[in-house]
Every structure is written in C-alpha cells, then in structure tokens.
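Structural overview for review
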Amino acid sequence: MRKATILLIAIGAVAIICVWLSLHDPTVVFSMEPKFEGQTISYWMEHWYKDPTTDGYHAGGNIGARLAIRTMGSNAVPYLVKWISGPVRYSSKADYHERALEAFKILGPVAKPAIPDLLKTIGQNQGYSERALFCIGKDAVPSLADKLVETLFDTNNPFVQGAMRMEVRKTSGFYIRGCILNVLNQMGTNAEAAIPALVKTVKTELPVQNRMMFQQNPYAVLVNVGQNHPDAVIAVLLERFTNSLRSVGGCGRIANAMSAFGTNGAEVFMPILIAALSDKETDDASRVQIGGALAVMGRNRPDMLLPVFLVAVADKNVGEEIRCHMAGYLANVGHNHPEIVIPA
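Let's shift gears to the packing of aromatic side chains. Going through the model one piece at a time under the given rule, you end up with 7 aromatic pairs. Their ring planes at 45° and their centres at 5.9 Å tell us that phenylalanine 309 and tyrosine 329 sit as a pair that is tilted. Note that phenylalanine 309 is positioned in helix H17 (residues 302-314) and tyrosine 329 in helix H18 (residues 320-333), a separation of 20 residues in sequence. Like phenylalanine 309, the residue tyrosine 329 is buried in the burial classification. Joined through ring pairs, the aromatic side chains of Phe36, Tyr43 and Trp44 make up one cluster. Note that arginine 131 overlies the ring of tyrosine 128, its terminal NZ or CZ placed 4.2 Å from the centroid.

Okay, structure coming up:
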C-alpha cells in the first residue's frame, strides 16, 4: 500500500511538472539572463520594434522593452556590450546593435560598467561603441582621456594599400584618436575632465598625414570642450600657432579652431593670423584656413581686413586656387564697400 501511494505521488508530481513545462518555456525558466515579467532580456530585445513611419526606435513606443531595460539596470550591461560590440551584419535578423544602443540611451550612467569593454572596440563596429560611450556620459570621460593619450604613442603610418584604394587601419592610434575626439566633441563641456589630455594631444608632435583633414581637429575639440575656460584655451592656441607656422597644415587647423571664438577673438588672434597670411613660408592649405578664420573674426573690422585680402588676391606668388579663395573672403568682408575692385 505504501509503495502504491509513493508511486501515485511520483506520477502526480511528474504530471504536474509536465503540465507546468508545457505552459512555460524551459529555456527561459532556466536561463541565467536577467528577466522582466518572466521574459529574458533577449526576448525583450527581439520584441523591440521600429516605428514604421520613422524607421527608428522612438521613445514613445516599445514601452514594455524600455521598462524591462530600466528595471534590469546594470544587470543588462554584459548582454548589451556583447550585442553592441560585435561586427555589424546586415540581415533579416534583429538589429541588435541599434536596439542595444537604445538601451544604453535609457540606462545612461547606470551602464558605466561597460566602459572598459566599449573602449576595446572603439572604431571597429561602425561607431556603435563610441555612441554607447556618449550615452554613458561624464563617467566615460576619464577613460576616454586616458585612451586618447595612449594613442599618441602610436606614430606608425595608419594607412595601408587596400584592394582598390588606400585604407586606414582601424586599430591604429590615428584612427582611434579620431573616434575619441568625435565623442569628446559631442559631449562638449561635459567632457571638461579631458582638457588635460586634449592639451597633451595638441602639444604632441605627431607625424603629419595627408589625410588628416578627414579626422576631427583636436584644436577645435579643445575649444569646444573648454568653452568655460577661454583664457587657458586661448593661451594654448597662441603658443601652438607660433610653434606650428612651419608645419604643413598645422597652423591652418589651429586657425580653424580660433574661428570658433568669432568676433570675440578678433583682438587676440587677428594680428598673428594676418602676419601668417602674409608670410611666404605659410603652406597653401593653411593659408586658405587662415583666410577663412580672418573672414569670420574680422567681419566687423573691414578697415583692417580689406587691405590684407586685397594684397592676398593680387599675390602672383601663390596659385590661382588660393587667390580665388582670398577673393571670396574679400567679397564677404567688403560686401558693404562696392567701390572695391577685386583684381583679376
């Protein structure tokens, strides 16, 4: 009798378990992933839908998925890092990179445990790691600053010959530096903790690459990030401009950064910019950028700039393309002076 009772109890238990398993997905029940309302983070990511009208994951939709991410908090981070750091593949599968990025936007600084792993994949997956770091915000700045300084020690040529054209090595210090500068520039004054690293960057004599124009200008980033510290930034720009007059493209990039001060920078910057524009040793690329900076800062000082640009336009020692640029700046500054005749 006792054995029969035990057997009945065992059969009943098995039956209950079978019924329960028929109603629940065992892969979910026994999954180690964080859960919300009985579903794993993978489930919520798969059910995070795009808005068909905007083709984006707008804030007004996917309420359940967004609430799931907020509830999971930092427990979701390891999975988000895995999804956002992998290689980007275009297929019919769920777009986990975009969805993970939306999750980082929701978590913000809560996702700061992801910073070390995201730094390892900067530049390697179409900017998703960089965008995730931007979402984390200020907490990511010290690590970004350290990584920026680290890139300064890689002075190898970042370009290699690809199958059809020259390509940049995405693991090179040059390329990673550009990615970091973009993130810091987007953060603006929220990245003030990186100012010492930015100063070190602009003061480090790096090999000049012909394709540097495609990289973020570190001087411009310094100006943007250091808006609340104009005196310190101006001092750095003046010192670097003086020491870069003989480097190809160097002083031009600094002049471009100076132009961000607008007319407020006229008194400080215009005298040295005018002198550099007139210097025969200034390279053509820098000459164009210097002229552009002068046109921005000196738009209220035609009395000072008109003679400078008239001389530059008439200078036969420079190429026609340069003189055309100067003629454009002259026309911009002198639009209220119809009596000016631009030399042919």
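A few words now on the packing of helix H12 (residues 218-225) against helix H13 (residues 230-243). Each pair of packed helices can be described by the angle between their axes along with the distance between the axes. Following both chains from N to C, one finds H12 and H13 inclined at 160°, their axes separated by 10 Å at the closest point. Here H13 runs roughly antiparallel to H12, going by the angle between their axes. For the pair H12 and H13, the crossing hand works out as left-handed. Here H12 contributes Tyr219, Leu222 and Val223 to the contact with H13, which in turn contributes Val233, Val236, Leu237 and Arg240. Here the contact of H12 with H13 is composed, by residue class, of 6 nonpolar, no polar and 1 charged.

Turning next to the environment of tyrosine 79. With respect to the element layout, tyrosine 79 can be found in helix H5 (residues 77-85). Between the C-alpha atoms of tyrosine 79 and proline 34, which are 45 residues apart in sequence, the distance is 9.4 Å. With sequence-adjacent residues up to four places away left out, tyrosine 79 is seen in contact with Met32, Glu33, Pro34 and Ile41.

Criteria and cut-off values
Residues numbered from 1 in each chain as written. Predicted model: local features only at pLDDT ≥ 70, side-chain atom pairs only at ≥ 80, totals over all residues. Heavy atoms only, no water. Phe/Tyr/Trp six-rings, centres within 6.5 Å; stacked < 30°, edge-to-face > 60°. Helix = DSSP H or I, 4+ residues; strand = E, 2+ residues; numbered from the N terminus. Buried < 20%, exposed > 50% of the residue type's maximum accessible area, 1.4 Å probe, protein only. Lys NZ or Arg CZ within 6 Å of the ring centre and 35° of its normal. Axes fitted to C-alpha atoms, helices over the stretch in contact; angles between N-to-C directions. Parallel < 35°, antiparallel > 145°, perpendicular 65-115°, else oblique. Left-handed = near helix turned anticlockwise from the far one by under 90°. Contact = heavy atoms within 4.5 Å. Nonpolar A, V, L, I, M, F, W, Y, C, P; charged D, E, K, R; others polar.

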